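Spelled out from the first residue to the last, the chains are:
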Amino acid sequence: MILEMVGRPANRVILIAMVASLLSFQHAVGQITFQRTYSPTHNDYGQSVVQADNDGFYVAGAGGIVVGGVTHGEAALLSTDASGDTLYYAHYPAPTATSLFLEHIIKSSDGNLIVAGLIDYGVFDGHSDYNAYVAKITPAGNMLWSSSIGGAFKEWGYQVRETPEGGYVVAGWRNATGVVNHSAFYLVRLGATGDTLWTKTYPNPTPNWDQLAYCVGVMPDSGYVLAGTQRYLSPSFFHVIRTNSQGDTLWTKRLEELGSGEARDLEVLANGHIVVAGRSSPTGYMRPVLVELDENGELLWYRAYEQVPGGGLADWTYSLCKTTTGYALFGLDSNYDFSLINVDHEGDTLWTRRFAIGDGDYGYSVEQTSDGGFIMCGITHIGERQIALVKTDGFGNVTTSTHDLNIDPTIVATLFPNPVAGSSTFQYSTVSGGAFALVLHDGGGRVVRTIFTNERRAPGQYEEHIDLTGLASGAYTLVLSNGPRAVSVKAMKL
């Protein structure tokens with residue numbers, strides 16, 4: 001179900017979905033997919049992901065380092081190849097601070113990486129002291145420069161973008177001047193070498209209201225747009241501020257018609273329109289929401305999406321990316337599984353996916369990859385906090401390759417009859433619950449058919465009808481996977 005301001009003809013939605021499926025099918029051939037976790041320090045965060053020039057990936061976040069029995073957070077950068085195998089895991093300590101935490105990563109036009117986040121200096125005079133943090137890092141993980149930005153008030157850097165003139169702009173929040181416990185939108189303009197050119201604070205004119213900026217975009221006229229939340233205990237509202245190139249306010253917009261919620265990410269279109277994603281509660285439970293505003297802040301449309309099938313009562317969106325067919329919204333549901341929603345350019349749903357990885361999955365960042373698939377990162381808990389990285393095909397599916405199986409002895413599986421003339425029955429039992437996939441591979445390891453993917457199963461016994469009609473005679477392999485664990489059964493087609 002979609003809650004929307006503007007209705008769309010049903011046949012148009014069907015046609016768009018068919019075209020999107022055809023485009024995705026073109027990309028899906030030969031795509032690498034995986035679902036991986038990483039825990040070098042046993043206390044790791046993955047907050048933001050970007051694709052590398054070599055088709056691998058960079059994940060920015062933090063790792064917990066224990067010194068003298070006290071855990072210190074150090075900024076961390078995970079680099080993987082296209083298959084998700086680790087190339088390096090770099091840590092960046094803050095010698096004069098308690099911890100350093102990265103929230104966002106982008107590739108700059110010169111091929112290097114720009115990260116933004118928070119540097120925590122601890123507690124002084126009974127108050128926390130932290131600053132916004134920005135750094136430039138080479139693809140090999142070597143830091144070129146870093147900047148700690150702030151003063152007497154607490155500042156937090158949440159998202160960074162490159163500017164057309166050279167340099168960078170960072171959005172976040174700081175304590176409003178003279179109001180110790182309340183925050184205001186914060187915008188920082190940096191030069192190409194990290195020098196601060198100017199900062200702007202946008203306090204709420206309503207007393208005692210917080211304003212937290214989670215995202216920033218560069219407008220076609222080189223101005224900026226910030227989005228986040230404006231709140232006073234409860235409720236909270238989508239809040240958007242548009243500025244000129246010097247950070248001076250042109251207009252502000254509080255979207256009370258969406259109900260209580262917050263904006264978490266945005267995209268600026270070539271025509272100056274602003275697409276904002278986040279979460280709101282128009283029907284009582286939190287829902288993913290997508291909004292389009294024109295360049296003057298006028299609301300053109302919004303969509304509020306029902307939960308991904310199989311999920312909990314609510315969904316939260318934290319990340320938005322433009323795609324070849326529209327947009328992808330990514331976050332988590334109230335079962336604490338990853339949640340991905342793919343929509344067209346006017347917000348109509350094309351498909352949805354859920355990904356259950358461990359005991360408590362939090363999805364924070366999504367990008368469409370160069371092969372038309374999606375890369376998503378976040379954190380999961382499998383006995384400890386770990387980085388979770390999921391790469392899908394263009395349909396949002398993850399399959400397991402036969403050449404990289406981590407055999408799970410607790411899964412027992414059989415196929416009968418076997419050899420198979422046309423159809424057979426695949427029976428399996430498992431003592432571990434989770435999200436399962438069943439995929440058929442040919443003798444060369446290529447995916448022939450996906451029987452199901454991302455299907456949640458409780459411990460127990462199951463059976464699945466397998467139809468091999470139309471396939472050439474020869475040897476095939478059925479792969480049943482549960483996250484990184486899998487079991488395979490050979491199938492001989494007559």
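Residues numbered from 1 in each chain as written. Predicted model: local features only at pLDDT ≥ 70, side-chain atom pairs only at ≥ 80, totals over all residues. Heavy atoms only, no water.

Right, let's talk about unusual backbone geometry for a bit. Here the bond from Phe416 into Pro417 is cis, since omega is -5 degrees, no more than 30 degrees from zero. In this structure, Pro417 sits in the loop between β30 (412-416) and β31 (423-430). Asn418 connects to Pro419 through a cis peptide bond whose omega is 15 degrees. Tracing the sequence through the fold places Pro419 in the loop between β30 and β31. Despite not being glycine, Asp55 shows a phi value in the positive range, around 75 degrees. Among the structural elements, Asp55 can be located in the loop between β3 (44-51) and β4 (57-67). For Asp55, a relative accessible area of 37% corresponds to the partly exposed category. Phi at Ser222 is positive, roughly 75 degrees, even though this residue is not glycine. (Helix = DSSP H or I, 4+ residues; strand = E, 2+ residues; numbered from the N terminus. Buried < 20%, exposed > 50% of the residue type's maximum accessible area, 1.4 Å probe, protein only.)

Another point: the pattern of salt bridges. The final tally for this structure, using the stated rule, is 18 salt bridges. Across the salt bridge formed by Arg242 and Asp221, the nearest N and O atoms sit 2.7 Å from each other. Of the two residues, Arg242 sits in strand β17 (residues 236-243) while Asp221 sits in the loop between β15 (210-218) and β16 (224-231), which places them 21 residues apart along the sequence. Of the residues examined, Arg242 reaches a relative accessible area of 6% and is grouped as buried. Ionic pairing is found between Arg354 and Asp333, a salt bridge with its closest N-O pair at 3.2 Å. (Salt bridge = Lys/Arg side-chain N within 4 Å of Asp/Glu carboxyl O.)

Right, let's talk about the sheet that holds β17 for a bit. Backbone hydrogen bonds are what pair the strands of a sheet, in a parallel or an antiparallel way. Strand order in the open sheet formed by four strands is β15-β16-β17-β18, and the pairing between neighbours is antiparallel. This sheet does not close on itself; its edge strands, each paired only once, are β15 and β18 (249-255). In this sheet, neighbouring strand axes are inclined to one another by 20 degrees on average, regardless of whether the strands run parallel or antiparallel. Bridging between β15 and β16 involves eight bridges; their strand directions are antiparallel. Following the sheet pairing, Cys215 is matched in β16 by Ala227. (Pairing = 2+ DSSP bridges. Axes fitted to C-alpha atoms, helices over the stretch in contact; angles between N-to-C directions.)

When the pLDDT values of the protein chain are averaged, the result is 85; 83% of them are 70 or greater. Summarising per-element confidence for the protein chain, the mean pLDDT is lowest in strand β1 (residues 2-4) (34) and highest in strand β27 (residues 362-368) (97). For residues 1-29, every residue scores under 50 in pLDDT, and the model assigns this stretch 46 contacts once sequence neighbours within four places are set aside. (pLDDT = per-residue confidence, 0-100. Contact = heavy atoms within 4.5 Å.)

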